[in-house]
Amino acid sequence: MEIKPVEISSSKMFGGYNKRYKHYSPTLGCSMTFHIYFPPPPSSSHKFAVLYWLSGLSCTDENFIAKSGAQRVASSEGIALIAPDTSPRGLNVEGEADSWDFGVGAGFYLNATQDKWKNWQMYDYIVKELPQLLSENFPQLDTARASIFGHSMGGHGALTIYLKNLDKYKSVSAFSPVVNPLNCPWGQKAFTNYLGANKADWEVYDATCLMALISKFNDVRATILIDQVSNHSLPFYHFYLHRSCHRPLHKGEDDKFLHDQLMPHKFEEACRKAKVPLLLRLQPGYDHSYYFIATFIDDHILHHAQALKL
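Residues numbered from 1 in each chain as written. Predicted model: local features only at pLDDT ≥ 70, side-chain atom pairs only at ≥ 80, totals over all residues. Heavy atoms only, no water.

The protein is annotated in an unreviewed UniProt entry as S-formylglutathione hydrolase of Rhododendron griersonianum. A UniProt comment under Sequence similarities (unreviewed entry) is attached to the protein, and it reads "Belongs to the esterase D family." Under the Catalytic activity (unreviewed entry) heading, UniProt states for the protein: "S-formylglutathione + H2O = formate + glutathione + H(+)". (UniProt positions renumbered as here; feature names shortened; annotations may be inferred.)

(A) The arrangement of the confidence of the model for the protein in detail. Per-residue confidence for the protein averages 90 on the pLDDT scale, and 88% of its residues sit at or above 70. Predicted confidence is poor over residues 240-255, with pLDDT under 50, and the contacts of this stretch with residues over four places away or in other chains come to 45 contacts. (pLDDT = per-residue confidence, 0-100. Contact = heavy atoms within 4.5 Å.)

(B) Broad picture of the packing of aromatic side chains. The full count for this structure, using the stated rule, is 21 aromatic pairs. Ring centres 6.1 Å apart and planes at 70 degrees place the aromatic pair Y123 and Y205 in the edge-to-face group. Of this pair, Y123 sits in helix α3 (residues 122-137) while Y205 sits in the loop between α5 (185-195) and α6 (207-213), placing them 82 residues apart in sequence. For the pair Y123 and Y205, a shared accessibility class is recorded, and that class is buried. The rings of W53, F64, F149, F175, Y286, Y290, F292 and F296 are connected pair by pair, giving a single aromatic cluster. (Phe/Tyr/Trp six-rings, centres within 6.5 Å; stacked < 30°, edge-to-face > 60°. Helix = DSSP H or I, 4+ residues; strand = E, 2+ residues; numbered from the N terminus. Buried < 20%, exposed > 50% of the residue type's maximum accessible area, 1.4 Å probe, protein only.)

(C) Just the nonpolar core, in detail. Core analysis: the largest hydrophobic core is formed by 72 residues, its most contacted members being F108, L141, Y194 and F267. Per-element accounting of this core gives the leading share, eight residues, to α3. Residue contacts for Y194: discarding those within four places in its chain leaves F102, G103, A106, G107, F108, L110, A112, T113, Q114, W117 and W120. Core analysis: the second largest hydrophobic core is formed by 24 residues, A70, I79, A83 and F296 among them. (Core = buried A, V, L, I, M, F, W, Y, C linked by side-chain atoms within 4.5 Å.)

(D) Examining the pairing of strand β5 (residues 79-84) more closely. Of all six residues in β5, six are buried; the element is thus mostly enclosed. Judged by which residues are buried, β5 turns out to be covered on both faces: I79, L81 and A83 on one side and A80, I82 and P84 on the other are all buried. Pairing geometry for strand β3 (residues 30-38) and β5, over four bridges, is antiparallel. Counted as the bridge partner of F34 is P84 from β5. Summarising the sheet, strand β4 (residues 48-54) and β5 pair through four bridges and their orientation is parallel. Counterpart to Y52 in the pairing with β5 is I82. (Pairing = 2+ DSSP bridges.)

(E) Up close: unusual backbone geometry. Here the phi dihedral of N92 falls at roughly 55 degrees; this positive angle occurs in a residue that is not glycine. Structurally, N92 is set in the loop between β5 and α3. Residue class for N92 comes out exposed when judged on its relative accessible area of 67%. Backbone geometry at K275 places phi at a positive 60 degrees, although glycine is not the residue there. Of the residues examined, K275 reaches a relative accessible area of 32% and is grouped as partly exposed.

(F) Layout of the pairing of strand β8 (residues 224-230). Among the seven residues that make up β8, seven are buried, leaving the element largely enclosed by the rest of the structure. Summarising the sheet, strand β7 (residues 172-175) and β8 pair through three bridges and their orientation is parallel. Paired with A174 across the strands is I226, a residue of β8.

(G) Molecular detail of the pattern of salt bridges. In total, this model carries eleven salt bridges according to the counting rule given. Its salt-bridge partner being D298, residue R72 comes within 2.3 Å of it at the nearest N-O pair. Placement of R72 in helix α2 (residues 71-77) and of D298 in helix α9 (residues 290-307) is noted, with a sequence separation of 226 residues between them. A relative accessible area of 22% means that D298 is categorised as partly exposed. Note that D101 and K189 form a salt bridge whose closest N and O atoms lie 2.6 Å from each other. (Salt bridge = Lys/Arg side-chain N within 4 Å of Asp/Glu carboxyl O.)

Next comes the structure, spelled out in structure tokens:
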């Protein structure tokens, strides 16, 4: 079992390279794959800041690299993109592939406590194992300069990981994130199976709850950026910065998961109460897909470039 990453594919893009790697993960107890986009280096000794992307339900490490178009601005800004997989694979746990929103492809970026799902330790994989693996094997990466973002389930992961590790990440953003999994069907299904029935154990993986639980979030400096779909004809924005607030005239409606699964107003209210700067942009007419992500990905890359001081 090869713990050291082995390159399994490479393709040139915008002067840099998309490279895919495979390694054995002691944290997850299985082989894992991940992608790195390396921008063209300005010199042989240059070290790139890193930006982790966490994908959503049913995705792999390939979706973002193939569909987002993030490499163009990552190349011009000099940011390395890291795209890991979304769950352990190949463990043959009974029922692991029975549904698209739980098990394989649906790790929810938490550490499972229930014995059946003991290998589902995606929080430790993303926060601990993967950064160490990158630091030890890719000298061109400066893993001490890192930010994180994601989509849907991955937006949930990015927000919770950032809020629990403000010393490790300079900024966070998300597309259509699951912000209150305690109160949505996706989260309730996953958390019951991974964490057990005690909802108090769920709160540390819920971004809305984390805002209320931990006072240190008053130290959040970088504005949190969230893009969420609306079906209105004009975009509008919520912006909270400490006590200042600019409110829209009306609320946004759909992507189809907005009301039952995503509930951005819950996180918005938690940020307001915690006086944490949030830019929530409601974008009209898009859906929950990579067409939406590709449309606004440049803004997110630039958001993180500013926080990383590039």
